[in-house]
Amino acid sequence: MAETVPTTLGDLAYEVRSKNAGPFWVTMELFMRDADGYRIAADERFLNEGTIARLYGLDEADVRMFRIPSLNVVKISFPRPVSQASLRDRDVHSGQHHVPLAVLPVPV
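Predicted model, so just to flag it, every value in this text is computed and none were measured.

Right, let's get into the pattern of salt bridges. Inspection of the entire model under this criterion finds five salt bridges. Between Glu 29 and Lys 75 there is a salt bridge, and its shortest N-O distance comes to 3.9 Å. With Glu 29 in strand S2 (residues 25-32) and Lys 75 in strand S4 (residues 73-79), this residue pair connects regions lying 46 residues apart in the sequence. For Arg 45, the salt bridge goes to Asp 43, with nearest N and O atoms at 2.8 Å. For Arg 45, a relative accessible area of 74% puts it in the exposed group. Salt bridges sharing partners connect three or more residues here, namely Arg 17, Lys 19, Glu 29 and Lys 75.

What follows is the structure, encoded as structure tokens:
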């Protein structure tokens, strides 16, 4: 019997990206394909500060979320784990931080 692969946020989006927002913050953006996908991504019962805190090992109080329905976009910001370009920084541009968010399965 074939295994069903869950739908992810990345499947419902045109683009999921992350970028540095200065030397101390990361910003991630979900550009959803349509209003239905946006409703899922913007649903606070599914994607909220607690969800992001668990995915990225953060304090929930440090996560900022911005829902922009007119653009079908959800924007998320949080402090970088280490400051940009410091000795322990492994992603100077924060270009890989979006991956856990993109592969997050959506509720059925």
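After presenting the structure, the write-up continues.
Moving on, we get to the pairing of strand S3 (residues 64-68). Judged from the five bridges that link them, S3 and S4 form a sheet pairing that is antiparallel. Looking at the pairing, Phe 66 lines up with Lys 75 of S4. If you look at the hairpin formed by S3 and S4, you'll find four residues sitting between the two strands, and Asn 72 has a positive phi there, around 55°.

Taken together, the four strands give an open sheet; going across it, the order is S1-S2-S4-S3, and neighbouring strands pair in antiparallel fashion. Each edge of the open sheet carries a strand with a single partner, namely strand S1 (13-20) and S3. On average, adjacent strands in this sheet sit at an angle of 10° to one another, irrespective of strand direction. Direction of pairing for S1 relative to S2: antiparallel, over a ladder of seven bridges. Residue Val 16 lies in a different strand from S2, and its bridge partner there is Leu 30.

Criteria and thresholds
Residues numbered from 1 in each chain as written. Predicted model: local features only at pLDDT ≥ 70, side-chain atom pairs only at ≥ 80, totals over all residues. Heavy atoms only, no water. Salt bridge = Lys/Arg side-chain N within 4 Å of Asp/Glu carboxyl O. Helix = DSSP H or I, 4+ residues; strand = E, 2+ residues; numbered from the N terminus. Buried < 20%, exposed > 50% of the residue type's maximum accessible area, 1.4 Å probe, protein only. Pairing = 2+ DSSP bridges. Axes fitted to C-alpha atoms, helices over the stretch in contact; angles between N-to-C directions.

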